[in-house]
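Structure at a glance
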Amino acid sequence: MNARTRRLTTAQALVRFLSAQYTERDGVRRRLIAGTWGIFGHGNVAGVGQALLEAGEDVMPFHQGRNEQSMVHAAVGYARQLNRLSAQAVTTSIGPGATNLVTGAALATINRLPVLLLPGDYFASHAPDPLLQQLEHPVEADVSVNDTLRPVSRYFDRITRPEALIPSALQAMRVLADPAETGAVTLALPQDVQAEAYDWPEEFFAERVWYVRRPAPDPVELAAAVEAIRSAGRPLIVAGGGVHHSEAEEALKAFVEATGIPVASTQAGKGSLRHDHPADLGGIGHTGTAVSDDLARTADLVIGVGTRYTDFTTASGTLFQHPEVRFLNLNITGFDAHKLAARTLVCDARSGLEKLLEALSGHRVGQEYEAEYRSGKDRWDEVVEAVYRADDENAVPTQTQVLGALEAAVGDDDVVINAAGSLPGDLHKLWRSRSPRQYHLEYGYSCMGYEIPAGIGVQQAAPGTPVWALVGDGTYLMMPTEIVTAVQEGLPVNIVLIQNHGYASIGGLSQETGGERFGTAYRFRAADGTFTGAPLPVDLAANAASLGMDVLRAKTVRELREALAAARASDRPTCVYVETDPAPTAPPAEAWWDVPVAETASREAAVEARERYDRQVAGRRRHL
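This one's a predicted model, so the numbers in the text were calculated from it and none came from an experiment.

1. A few points about the overall build of the protein chain
When helices and strands are counted, the protein chain shows 24 helices and 23 strands. Radius of gyration (C-alpha) of the protein chain: 25 Å, near the 25 Å computed for a compact globule of 624 residues. Taking the principal axes of its C-alpha atoms as reference, the protein chain extends roughly 75 × 70 × 55 Å. When the 624 residues of the protein chain are sorted by exposure, 57% land in the buried category. For the protein chain, long-range pairs separated by at least 24 residues make up 76% of all intrachain contacts whose partners lie at least 6 apart in sequence. Surface accessibility of the protein chain: about 24700 Å² in total, with carbon and sulfur atoms responsible for 52%.

Listed below in structure tokens is the structure:
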């Protein structure tokens, strides 16, 4: 090695490079890649694995995972907790280790959350060909299983020469740190190239700071936005995840307090205002509150702040029904800002809200409108109290009573994590967020199995913060393996495990759409071949205990409250296991969701479901 170069393997150089990358926003600096998750096999053990060992924990902390998809979920939970300003890497072998990354990568990219994926790959030299776990393509020799990651990555490259790492690594960091571009980034690493030595320029390992911009709105767009707001009689803000990523909560609060414009939130945006703020109306859309959806139907201006407008938010195009409704979208990505033929403010959420507030000085909605939505908010709070209330402390709790007990047990800064099943709908309608990070719902991909590993990532990002992973039995069975990681690392993640013997959410959807709950119950086969026999004798609490968790079983509402308090006070990973009363107690949906129903069928349930579907779909609008 001379004074200007350093001889390292490609993997060693990559680890050293990653350790010197930082983000900075508002004067706060963080490591861009704060650690690396890994499961080792022949595709990365002698390359990235050896490099991590040689670098040591001070240079690049290493986290041992049990499932590749889970490792990505943990990294995503980490990045979300830190507002996308810090991320983690995930290294795997080739073959199933690499393809197991695909679901996690899709989740990260759909939710606009950064994660760096480092899967092993075939030999670039093609010396041993085919090698173990290699996919052979008869006409494209450069295809590998890692190509499945291309459509779910925001940036992808295969590093077939050591020196090719330099420009690719820089591009990877650019994308990870860019709030308008971020998502999963994949650098596929052929295993021979990982171990190949090269004389690297010292400049490659110099500390680099990637400044996370807060672009201000264009003056012309800002003037048009101000005009639209001033002329609206019934404006409504839809707050999305961009409010949190931009740390724009205080700017949003100042804006609504000055203008009186109410706020309804998507799953990702919930908590943008504290629940008891007079302008906070709770969730919007198919799983929204009555007050939010009633106002959405009559809003003449919908102001989207950092939202993607999924079908749950728009009730599949049936929610915003005012004859002259128009949209104004404030988003850091032009792609999302232009949705629904909106006027656009392509800018950072905090910067945009601050500029709007300044330009709207003195403007406020009418007193009657304020009185209307505040009255609706009060009525919804009564609904929440009613479904949370448990008149008999010795009764088996319902699912909504579980949420009520948990809400009473957590502190303002606790983090509650969920992603799939019937819980997201109940939480969106009912949960009363008391801080910006308390409500952590992954509903862009709604991935079963996300909750437990994401809880680990959040715990790593915010040590000392009580973290609660809410899972049903279906979700738990998908991916409980990272419990072992929580135990190994001494991370006191709490799991609330709700047993209702099946896919309750999809069972209800199946019933509504004419599927008659087919294939959704966890039961033995009956004599007619259907899964309608006795519940399966599966003891999930015993399973959690076998993986190293402390387990508290709660059979009644009183025992549940006691168990939740004990779990929060514990310094060990703890599972609160509860079997719930299966009777539905959550308020019904306040808006539609389009799940197509069979157009022709012989079974009466499907025929009736199609009739309902045809009535609902007639209300869809295309906002052009």
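2. Describing the environment of Ala239
Tracing the backbone through its elements, the reader meets Ala239 in strand S12 (residues 235–239). Excluding its chain neighbours within four sequence positions, the residues that come into contact with Ala239 are Leu252, Val263, Ala264, Ser265, Thr266, Gly269, Ser272 and Val305.

3. Remarks on the sheet that holds strand S8 (residues 155–158)
Spatially, the six strands line up as an open sheet ordered S5-S4-S6-S7-S9-S8, and their pairing is parallel. At either end of the open sheet lies a strand with only one pairing partner, and these are strand S5 (62–64) and S8. The average undirected angle you get between the axes of adjacent strands in this sheet is 20°. Across the sheet, helix H6 (residues 165–177) is in contact with strand S4 (33–38), strand S7 (115–121), S8 and strand S9 (184–190); its angle to S9 comes to roughly 160°.

4. Considering the side chain of Ser246
Residue position: Ser246 is located in the loop between helix H9 (241–245) and helix H10 (249–259). On the basis of relative accessibility, which here comes to 4%, the residue Ser246 falls in the buried class. Here Arg350 takes part through its backbone nitrogen, which lies 3.2 Å from a polar atom of the side chain of Ser246. Setting aside residues no more than four positions away along its own chain, Ser246 makes contact with Arg25, Arg214, Asp348, Ala349 and Arg350.

5. Remarks on the side chain of Ser272
In this structure, Ser272 sits in the loop between strand S13 (263–265) and strand S14 (280–283). Judged by relative accessible area, Ser272 falls into the buried class, the value being 3%. Those residues in contact with Ser272 that lie beyond four places of it in its chain are Ala239, Gly240, Val243, His244, Glu249 and Leu252.

6. Digging into unusual backbone geometry
Note that the residue after Asp129, namely Pro130, is joined by a cis bond; omega there is 0°. Assignment of secondary structure puts Pro130 in the loop between S7 and S8. For Arg84, which is not glycine, the phi dihedral falls at a positive 70°. With respect to the secondary-structure elements, Arg84 resides in the loop between helix H3 (68–81) and strand S6 (87–92). At Glu247, a position not held by glycine, the phi torsion is positive, near 55°. Counting through the fold element by element, Glu247 comes out in the loop between H9 and H10.

7. Focus on helix H23 (residues 557–569)
Here H23 spans 19 Å end to end across 13 residues, near enough to the 18 Å set by a 1.5 Å rise per residue. Of the residues making up H23, those classed as buried are Val557, Leu560, Ala563, Leu564 and Ala567. One face of H23 carries all of its buried residues, which in axial projection span an arc of 115°. On its buried face, H23 sits against helix H16 (399–409), strand S20 (467–472), strand S21 (494–499), strand S22 (550–554) and strand S23 (574–579).

8. With respect to the packing of aromatic side chains
All chains considered together, the criterion is met by 11 aromatic pairs. Taking 5.4 Å as the distance between ring centres and 20° as the angle between the ring planes, the aromatic pair formed by Phe40 and Phe62 counts as stacked. Taken together, the residues Phe40 in the loop between S4 and helix H2 (45–55) and Phe62 in strand S5 connect sequence positions 22 residues apart. Owing to a relative accessible area of 36%, Phe40 belongs among the partly exposed residues under this scheme. Linked through ring pairs, Phe17, Tyr198, Trp200, Phe204 and Phe205 together constitute an aromatic cluster. When the ring centre of Tyr439 is taken as reference, the NZ or CZ atom of Lys270 above it lies at 5.5 Å. The side chain of Arg553 reaches across the aromatic face of Tyr577, ending 5.6 Å from its centre.

9. Describing the state of the cysteines
As enumerated under the stated definition, the model contains zero disulfides in all. Just so you know, Cys447 is unpaired, no disulfide at all, and the nearest cysteine sulfur is the one on Cys575, 20 Å from it. Using a relative accessible area of 7% as the deciding quantity, one classes Cys447 as buried.

10. As for the packing of H3 against helix H5 (residues 101–110)
The contact between H3 and H5 brings their axes to 7 Å, and the two run at 20°. Relative to H5, the element H3 lies roughly parallel. Here H3 runs over H5; the crossing is right-handed. Counted together, Glu68, Gln69, Val72, His73 and Val76 of H3 and Leu101, Thr103, Gly104, Ala105, Leu107 and Ala108 of H5 form the full contact between these two elements. By residue class, the composition of the contact of H3 with H5 is six nonpolar, four polar and one charged.

11. What about the pattern of salt bridges?
Summed over the entire model, instances satisfying the criterion amount to 35 salt bridges. The partner of Arg112 in a salt bridge is Asp336, with the nearest N and O atoms 2.9 Å apart. Residue Arg112 is found in the loop between H5 and S7, and its partner Asp336 is found in helix H13 (residues 334–337); the two are separated by 224 residues along the sequence. Between Arg610 and Asp614 there is a salt bridge, and its shortest N-O distance comes to 3.1 Å. With Arg610 and Asp614 both in helix H24 (residues 604–617), this residue pair falls four residues apart, about one helical turn. Overall, Arg610 belongs to the buried group, its relative accessible area being 18%. Given the relative accessible area of 38%, Asp614 is considered partly exposed. Taken together, the shared-partner salt bridges connect Asp26, Arg214, Asp348 and Arg350 into one network.

12. Regarding H10
Given 3.6 residues to a turn, an α-helix orients residues that are three or four positions apart in the same direction. Taken together, the buried positions of H10 are Glu249, Ala251, Leu252, Phe255, Val256 and Thr259. For H10, the buried positions fall inside an angular range of 160° around the axis, keeping them on one side. Of the surrounding secondary structure, the elements contacted by the buried residues of H10 are helix H8 (219–231), S12, H9, S13 and helix H14 (349–359).

13. Thoughts on the sheet that holds strand S17 (residues 343–346)
With parallel pairing, the six strands of this open sheet are ordered in space as S14-S13-S12-S15-S16-S17. Of all the strands in the sheet, the pair left with one neighbour each is S14 and S17. Strand-to-strand twist of the sheet, defined as the mean angle between neighbouring strand axes without regard to direction, takes the value 20°. The sheet contact formed by S13 and S14 spans two bridges and is parallel. Considered in S14, the bridge of Val263 is made with Asp280.

Each value, and the rule that gives it
- Residues numbered from 1 in each chain as written.
- Predicted model: local features only at pLDDT ≥ 70, side-chain atom pairs only at ≥ 80, totals over all residues.
- Heavy atoms only, no water.
- Helix = DSSP H or I, 4+ residues; strand = E, 2+ residues; numbered from the N terminus.
- Rg over C-alpha atoms; globule rule 2.2 N^0.38 Å.
- Buried < 20%, exposed > 50% of the residue type's maximum accessible area, 1.4 Å probe, protein only.
- Contact = heavy atoms within 4.5 Å.
- Areas by Shrake-Rupley, 256 points an atom, 1.4 Å probe, with all protein chains shown as cover.
- Pairing = 2+ DSSP bridges.
- Axes fitted to C-alpha atoms, helices over the stretch in contact; angles between N-to-C directions.
- Polar contact = N/O pair within 3.5 Å; in protein donor to acceptor, adjacent residues only side chain to side chain.
- Expected span 1.5 Å × (residues − 1).
- Arc of directions from axis to C-beta.
- Phe/Tyr/Trp six-rings, centres within 6.5 Å; stacked < 30°, edge-to-face > 60°.
- Lys NZ or Arg CZ within 6 Å of the ring centre and 35° of its normal.
- Disulfide = S-S within 2.5 Å.
- Parallel < 35°, antiparallel > 145°, perpendicular 65-115°, else oblique.
- Left-handed = near helix turned anticlockwise from the far one by under 90°.
- Nonpolar A, V, L, I, M, F, W, Y, C, P; charged D, E, K, R; others polar.
- Salt bridge = Lys/Arg side-chain N within 4 Å of Asp/Glu carboxyl O.

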